[in-house]
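# A look at the structure
One-letter residues, chain by chain:
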Amino acid sequence: MKGLVTTAASRAWLVVALAGLVLVVLVVGLQLVPRLTGGQAVIDAAAPAMTKQAVAGEVAATGVLARYVDLVDPLVARRGRGSGEVARLRRLIARRAHVSRRAATALLRHEAPHVAALLRALPLSAVASERPRLTRFLAGTLNVGDEDLQDEFARSFPRLFQTLSELPSMTSGWYDVPGVEAMTRFDARTPVRTMPDVRDYLRDDLMASVEHEQQRFRYLAAWGGIGYIPYLLLVAGIVAIAFGLFEVRRAASSPPGRPAWAGVVAIGFVILLAIAGLQYFPRLNGADTMISRLRPAFEQPRVEGLRAGTDLVVQSALFGDPIMTRAGGAAAEYPELVATVAERSGQSHSRVRRGLRGAAPRTAALLEALPLSSAAREVPHLLAVLARRMHTDDRRLVRTLRRRTPALARSILALGPVTAGWNAMPGTADLERFDGVTPVRAVPAFGDYLDRDVVPILEGQHEHFDKLANTWPPVRVLPGLLLAFSVLAVLYGVAMMFRATKP
């Protein structure tokens with residue numbers, strides 16, 4: 001080796017080989033292969049969720065889901081305050097309309113029977129606690145065992161069974177979501193413990209960040225992404241090493257001419273063209289910003305918490321799906337249930353209904369409120385009647401209700417938007433599952449989309465994202481390193497054309 005570098009030309013070519021070695025060492029030492037290929041895996045996994053149409057649909061669907069939480073939150077338990085405001089609403093109507101409280105109750109039942117029935121069902125946690133009493137009543141009336149009753153109920157009235165089966169899990173976890181104990185919002189300070197907290201996290205943190213960073217993501221994913229970059233550099237480094245050592249051997253006897261040094265210049269120009277043509281500077285600078293914004297979503301406590309929160313979202317959607325609209329089926333099954341019990345017990349329909357109200361009054365009230373789309377249609381009429389009776393207009397009445405009974409007002413006013421968009425969420429016409437075939441239009445379908453498509457990205461790509469985000473140096477530094485190497489290669493090659501090509 002010592003004899004190979006006795007000339008100035010051979011030493012000049014040894015510098016080329018050493019530069020290639022430095023480039024290979026940088027690629028290996030900075031872990032660019034696992035880091036950028038891991039980043040490419042994140043890009044490939046998240047790509048279906050980050051198209052323009054998908055992001056628009058996700059944001060719109062999250063808005064409908066947020067309204068659903070607004071609807072259900074005051075109704076779930078006493079902590080939601082909806083049940084406690086029912087009596088206050090009656091007093092307000094009685095005082096402003098100058099009638100007795102009994103007359104105020106009768107007014108509600110006459111003008112909005114479905115809304116009145118829904119108010120009698122509150123809180124929904126009490127409906128869940130009535131299930132054993134409902135089972136005993138039906139089993140005793142039909143003279144069957146509890147297990148046989150469960151099997152027959154699930155088979156004959158599947159939509160009612162679905163709602164009543166999901167209700168206990170939903171109400172028990174609504175204000176204490178299992179599995180989110182270590183979860184916080186993106187600010188790392190605000191805890192996420194309840195379903196409204198999960199709603200806020202989804203809408204204001206996760207989806208807001210996705211919407212804000214979607215263009216940077218698609219820009220980064222363009223031109224083949226980033227997974228090939230370390231291999232391109234390895235090839236350039238290995239070529240520089242091999243070419244340099246080959247020319248070192250040649251230069252020991254006679255210095256290679258300018259065409260040989262033009263090869264060094266070409267290597268530098270290839271990297272320069274890649275940097276400019278594939279827009280490494282703006283893409284990787286934007287990637288650094290995007291990584292910083294999305295880093296909280298990939299942290300393990302939030303990934304685990306989002307999984308737990310999504311499970312409750314799915315349960316809540318399964319509870320609501322049968323009862324929101326007539327298409328859900330539960331509203332049609334309730335009369336069928338009454339007719340079946342009446343026929344097999346020899347009782348009249350009215351007596352069966354009285355028996356249901358006696359055994360499980362809140363459950364019976366909930367079933368009488370179905371479908372909730374009927375209650376939603378009653379709301380404008382009820383507001384108009386109350387405004388007239390209370391000698392005010394609709395807007396002032398709504399302001400009064402928001403001030404005096406805020407929880408109930410929020411829930412009742414959310415009935416219309418939620419039921420109208422339940423099976424066809426506005427803004428989701430182009431949203432599809434990752435299979436590219438299954439549409440995501442209904443709220444339960446969006447729950448499945450979160451559960452089976454979106455959350456698995458965070459779970460499956462957590463380690464890849466962590467490698468990309470938390471390995472030194474920041475990705476925005478990489479284009480500068482490449483630029484420096486390519487410029488030095490070009491300048492060195494041009495200089496050596498005139499200095500190291502003579503004997």
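Residues numbered from 1 in each chain as written. Predicted model: local features only at pLDDT ≥ 70, side-chain atom pairs only at ≥ 80, totals over all residues. Heavy atoms only, no water.

### Brief notes about helix α15 (residues 300-324)
- Relative to the 36 Å expected for 25 residues at 1.5 Å per residue, α15 spans 35 Å between its end C-alpha atoms, a close match to the ideal helical length.
- For α15, a buried count of 19 out of 25 residues is recorded, marking the element as mostly surrounded by other parts of the structure. (Helix = DSSP H or I, 4+ residues; strand = E, 2+ residues; numbered from the N terminus. Expected span 1.5 Å × (residues − 1). Buried < 20%, exposed > 50% of the residue type's maximum accessible area, 1.4 Å probe, protein only.)

### Structural notes on the nonpolar core
- Core analysis: the largest hydrophobic core is formed by 151 residues, its most contacted members being Y68, L71, L356 and F446.
- Sorting elements by how many residues they give to this core places helix α3 (residues 52-76) first, with 11 residues.
- Leave out the neighbours within four places in its chain, and Y68 touches S316, A317, F319, G320, M324, V418 and W422.
- Core analysis: the next-biggest nonpolar cluster, separate from the first, contains 14 residues, V264, V265, V490 and M496 among them. (Core = buried A, V, L, I, M, F, W, Y, C linked by side-chain atoms within 4.5 Å. Contact = heavy atoms within 4.5 Å.)

### Points about the environment of I457
- The topology assignment puts I457 in helix α22 (residues 443-460).
- Once the C-alpha coordinates of I457 and D44 are considered, the two residues, 413 residues apart in sequence, prove to be 9.9 Å apart.
- With sequence-adjacent residues up to four places away left out, I457 is seen in contact with A45, A46, A49, F298, F434 and H462.

### Examining the packing of aromatic side chains
- Scanning the model with the defined rule gives 11 aromatic pairs in all.
- A ring pair is formed by F186 and Y201, whose centres lie 5.5 Å apart and whose planes are at 80°; its orientation type is edge-to-face. Here Y201 lies in helix α11 (residues 195-221) and F186 lies in the loop between α10 (158-173) and α11, a separation of 15 residues in the sequence.
- Classification of Y201 as buried rests on a relative accessible area of 0%.
- Where F298 meets F465, the ring centres are 4.1 Å apart and the plane angle is 5°; that geometry is what we call stacked. Note that F298 is positioned in the loop between α14 (280-294) and α15 and F465 in helix α23 (residues 462-470), a separation of 167 residues in sequence. Comparing F298 with F465 shows no difference in burial state: the two are buried.
- Three or more aromatic residues joined by ring pairs make a cluster, and in this case those are W13, F243, W261 and Y492. (Phe/Tyr/Trp six-rings, centres within 6.5 Å; stacked < 30°, edge-to-face > 60°.)

### Remarks on the environment of R79
- Here R79 lies in the loop between α3 and α4 (82-97).
- The exposure class of R79 is exposed, given its relative accessible area of 56%.
- Put simply, R79 and Q461 are 382 residues apart on the chain and 37 Å apart in space, counted from C-alpha to C-alpha.
- Once residues lying within four places of it in the same chain are set aside, the contact partners of R79 are Y175 and T194.

### A short note on the environment of T141
- Along the polypeptide, T141 turns up in helix α8 (residues 131-142).
- With 28 residues separating them along the chain, T141 and P113 place their C-alpha atoms 28 Å apart.
- For T141, the contacting residues outside a window of four places in its chain are V341, S345 and Q347.
- Polar side-chain contacts of T141 include one of 2.7 Å to the backbone oxygen of F137. (Polar contact = N/O pair within 3.5 Å; in protein donor to acceptor, adjacent residues only side chain to side chain.)

### Observations regarding the pattern of salt bridges
- Following the criterion strictly, the structure yields 20 salt bridges and no others.
- Here R203 and D200 are joined by a salt bridge, their closest N and O atoms 3.2 Å apart. With a gap of three residues between them, R203 and D200 both fall in helix α11, about one helical turn apart.
- Among the residues examined, R203 registers a relative accessible area of 33% and is labelled partly exposed.
- One salt bridge in this structure joins R250 and E247, with 3.1 Å as the shortest N-O distance. (Salt bridge = Lys/Arg side-chain N within 4 Å of Asp/Glu carboxyl O.)

### A word on a positive patch on the surface
- A grouping of R81, R88, R91, R95, R96, R101, R395, R399 and R403 is seen on the molecular surface, where their side chains present a positively charged patch.
- At the level of elements, α4 and α20 (394-404) are the ones that each hand at least two residues to the positive patch.
- No other element matches α4, which puts four residues into the positive patch.
- Among the structural elements, R81 can be located in the loop between α3 and α4. (Patch = residues over 30% accessible without salt bridge, like charges linked within 9 Å, V, L, I, M, F, W, Y side chains within 5 Å. Areas by Shrake-Rupley, 256 points an atom, 1.4 Å probe, with all protein chains shown as cover. Lys, Arg positive; Asp, Glu negative; His and termini not counted. Charge placed at Lys NZ, Arg CZ, Asp CG, Glu CD.)

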